[in-house]
Each structure stands twice: as C-alpha cells, then as structure tokens.
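A look at the structure
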Amino acid sequence: MAQVTGEDGVRRARAERGHVRTVVTTVGAVKVRRIGYRSGVKGAGSLFPRDAVLNLPPCGYSWPLQRLAEMSCRSGSYEQAHGFVLAATGVSIGKRQLEQVIIAAAADAERFCQDRDEPAGVPGLEPGLAPLALSADGKGVAMLPGARRRCAKAPDQRVRTFEKRAGTGEKKGCKRMAETGAVFDVAVPDGPPRTPEQVMRPEGGSGKKPPRAQNRWYACDITAGRDVTIGKIFAEADRRDPGRLRTWIALVDGDTYQLGLFQAQAAARGVTLAIVIDFIHVLEYLWKAAWCFHRPRDPAMEDWVIAQATGILHGQVPDVITRIRALAAAHPPRPGSEHAKIIRKTLSYLQNKQPWMDYPRALANGWPIATGVIEGACRHLVQDRMGITGARWSLPGAQAMLWLRAINASGDHDAYWARHIEQEHQRNHLSRYQHGLEPAA
C-alpha cells in the first residue's frame, strides 16, 4: 500500500483520490488532479506528491506566467504589466497580485548575488591585466509613509515657509535613497593615451576614444545602508580578482562619507585602491565659479572653464586654486551673496579633493575619469522604473524591484530564474518530505 513520510517523520498511509488544484498558465486555467496522503495525526497536514513532481507554485500562477509577469512589471508600471499580460495570454492578474509576484520572484536575489560564480573573461581583455573599476551613487525613490527612514521627519512635521508648496531648499521628505553600486572591467583603448587637450576639445570622429566599460555588474539596495552596497561591490571585485593582480579604481563623486566607506573597505581587505574624483563634478564647480567672474552669456566664460579644466587635468590644481583666489580678490563678491558662497564652495572642493585628482596618472594609464557608468545605472535601474509619475513604493516592493532590475542589467536574468525555481521547489515541496525519500507521482 502506497504511503508517504513527511519531514516530521509521520507516515501518511491514507491515500485520498479526487483532490483537484487549479493552476493558471499562459494558455488559461489548468486543473491538476492528484492524490492526497493523510496520517490521521492531529497537526500533520496532508501531502500531495504530484505537486512536488510538477513543482506547482504556491500562488496558483505557473512559473512561465510568473516570469512573463515579472518581465512586464520590471519594464513598466503595474497597470501596463496587467494590460500586457492580459493581451498576450488572456489572463487577468490584478495589480496587487502582480506586486506579490514581484516580491516572491526576488526571494532568492540577494543569495544569488552572494553565491554567483566568478564571471567568465570578456573578449578583448587580457585576464589579470585589465583595470577593475568600482563605483557607487544614490537615487531617491518616493516611498509610502510607513516605508520612510525613521530619521526622516514626515512632511507635516517639518518647518515650512509656505502652506501649499515647498520653499527654497525645502523638500517634501517622501523619498528614501536607493544606493546603486557597479563593478566593471575597463577596456583601455589601443595607442597613445588621451591628452588633457583631447579630453577638453575632442576632434570629432577622428579623436582618441575614451576607455570602455565591459562586463558590468550591479547591486542596488534601499533597505540597507550605503556601507552594505559598497561592501557588495568589493565582494564582487574580490571574486573577479582574488589574487589582487589587477589595478582597482574607485570612481566617486566626492561625497565625504562615501569616500570614507571606500577607504574603509579597501583597508579591511588589504587592497591598494586608486580613487579618482569624477571630473564632470569638477567641471560643474568650475562653471559655477565662471558665472561669478563673467557677465551672463559671455563667450569668454567657456574659454575660461576649458583653460582651468585643462590645467586640472595636467595636475595643476594648486595653480587653478590660486587663480580663482586672485580673481575673487580682484573682483570681490558682496559678502553673503550667492557668488560669495559659490566661490567659497569651489575653493573648498578643489582643496579637499585634491589628493584624488591625479588625472595625469589616470589618463596615462587609460583609466576612466568620470562616473558615467554609475550615473547611467541610477537612471536606468532606479529612476526609469521607480520614478514613474505617481508611483509610491512599499519597502518590500521597492527592494524586490531593484534587485530584479539589477540582476537583469547584469545579464544574469536566465541564470537567476533557473536558480529561483530550483529553490522554490526545495522550499515548497521537497523540504516537506523525509530526507532520502523521493515523492511518488
């Protein structure tokens, strides 16, 4: 007589036929007939071996349908995903159910990122020699009231200038920062390195090409702090270069706290880390300073910025600081004015970040000097989906969406789903049976 033994050690010898379970698939609802095995012991639930053989999902939607729904939700709003799935399959999945599918689909995302194998080599890159770049940045996501950080005051608790709108410098306080990290291999162009003049005045199609980012990998967290995300990208860099044979480069925007996190992680792992301040941020400070010393729309403003930027790329940061100070002394701004604040901030930025403005070394080695990769990641991973007009996110829903988008952008979508379905099979079915016993069909 057929019987099944559960993980609790209780044998279930009573076989009951006639049990039916409905599973919604991409071609409609399907009824699965199976046998239930009972023990008669109070508290010992029935077991359905055919569910384990078929790996039936607990939510009632088949795995292909869930994957289609996840792809649709990842690319657009839940409302658009509902319409797409309905048009493609004829199955109507509610918006709340779609969010539950997304949260369940990301159940193995964090563990998958931790356990992933060392990535394969990239064509055109010599193993062990290509520089390895790390970068991180944050982007705000509009959250539901209960999902905001505890240290953030609610909008109605802030001191407000106006009743109906935010004043200068005031924020609505509805966002939570999502920290995005990236690791990639730097493909250094062939030939002589770029010169500062070529960087500032590129020669069109015949100009020297900048380094390229290849084999990108992303991590994105909204539930954890920035230190966790930066720890993840260092762990990924460890997987790529366990022997420390490559040059590690950190591309940062100059945030003091972020700089400290990169330095702390490098020190803890014994890594020699070359930190490079994003040159685009430096340019922004120079442009703001130029507005303080020129008339509006003065063509000489651009030439001045290019001259100072070229000097910084040549390693002449102290000379640029001296020139800005001389201009401020010759044309002193009104005390307390906006121009005075800009000049003070520009000088402070150049002085404090000077140790990480070794652009001559970066250009000579073919390294990137801008954070375009992570800036783009914040846009296409976070903003393009999380910033849809009117969207307000719960914490589980936001983190699940960010994990799934990061996995897809890293090129691991297929591998993740195979791992996720395997883990779901273990959690939902195989773990309910006694070890060493295969469930009968």
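Our structure is the block above this text.
Fair warning: this is a prediction, and the values are worked out from it, not measured in the lab.

**Structural notes on the pattern of salt bridges**
- This structure, assessed with the given rule, holds 20 salt bridges.
- The partner of Glu-236 in a salt bridge is Arg-240, and the shortest N-O contact between them spans 2.9 Å. With Glu-236 and Arg-240 both in helix 7 (residues 226-240) and four residues apart, this pair spans about one turn of that helix.
- Among the residues examined, Glu-236 registers a relative accessible area of 0% and is labelled buried.
- One continuous salt-bridge network, built from bridges that share partners, spans Asp-185, Glu-236, Arg-239, Arg-240 and Arg-246.

**A word on the packing of aromatic side chains**
- If you walk through the whole model with that rule in mind, you get seven aromatic pairs.
- Ring centres of Phe-234 and Trp-248 lie 6.2 Å apart, and the angle between their planes is 50°; this geometry places the pair in the tilted category. Taken as a pair, Phe-234 in helix 7 and Trp-248 in strand 8 (residues 248-252) lie far apart in primary sequence, 14 residues in all.
- A residue is classified by how much of its surface remains accessible, and Phe-234, at 0% relative accessible area, is buried.
- By relative accessible area, Trp-248 is classed as buried at 1%.
- Joined through ring pairs, the aromatic side chains of Phe-234, Trp-248 and Phe-262 make up one cluster.
- The ring of Tyr-285 has Lys-288 lying over it, and the distance from NZ or CZ to the ring centre is 5.8 Å.
- Against the face of Tyr-78 rests Arg-385, its NZ or CZ located 5.3 Å from the ring centre.

**A word on the nonpolar core**
- Counting residues in each nonpolar core, the largest one holds 106 residues, and the members touching the most others are Phe-262, Phe-279, Val-282, Ile-312, Leu-350 and Tyr-359.
- With sequence-adjacent residues up to four places away left out, Phe-262 is seen in contact with Leu-134, Ser-135, Ala-136, Ile-230, Ile-233, Phe-234, Ala-250, Val-252 and Leu-273.

**Some points on the packing of helix 2 (residues 63-75) against helix 15 (residues 395-409)**
- Where helix 2 contacts helix 15, the axes come no closer than 10 Å and their chain directions differ by 95°. Regarding the angle of helix 2 to helix 15, the classification is roughly perpendicular. Counted together, Glu-70, Cys-73, Arg-74 and Ser-75 of helix 2 and Met-401, Leu-404, Arg-405 and Asn-408 of helix 15 form the full contact between these two elements.
- For the contact of helix 2 with helix 15, the residue count by class is three nonpolar, two polar and three charged.

Thresholds applied
Residues numbered from 1 in each chain as written. Predicted model: local features only at pLDDT ≥ 70, side-chain atom pairs only at ≥ 80, totals over all residues. Heavy atoms only, no water. Salt bridge = Lys/Arg side-chain N within 4 Å of Asp/Glu carboxyl O. Helix = DSSP H or I, 4+ residues; strand = E, 2+ residues; numbered from the N terminus. Buried < 20%, exposed > 50% of the residue type's maximum accessible area, 1.4 Å probe, protein only. Phe/Tyr/Trp six-rings, centres within 6.5 Å; stacked < 30°, edge-to-face > 60°. Lys NZ or Arg CZ within 6 Å of the ring centre and 35° of its normal. Core = buried A, V, L, I, M, F, W, Y, C linked by side-chain atoms within 4.5 Å. Contact = heavy atoms within 4.5 Å. Axes fitted to C-alpha atoms, helices over the stretch in contact; angles between N-to-C directions. Parallel < 35°, antiparallel > 145°, perpendicular 65-115°, else oblique. Nonpolar A, V, L, I, M, F, W, Y, C, P; charged D, E, K, R; others polar.

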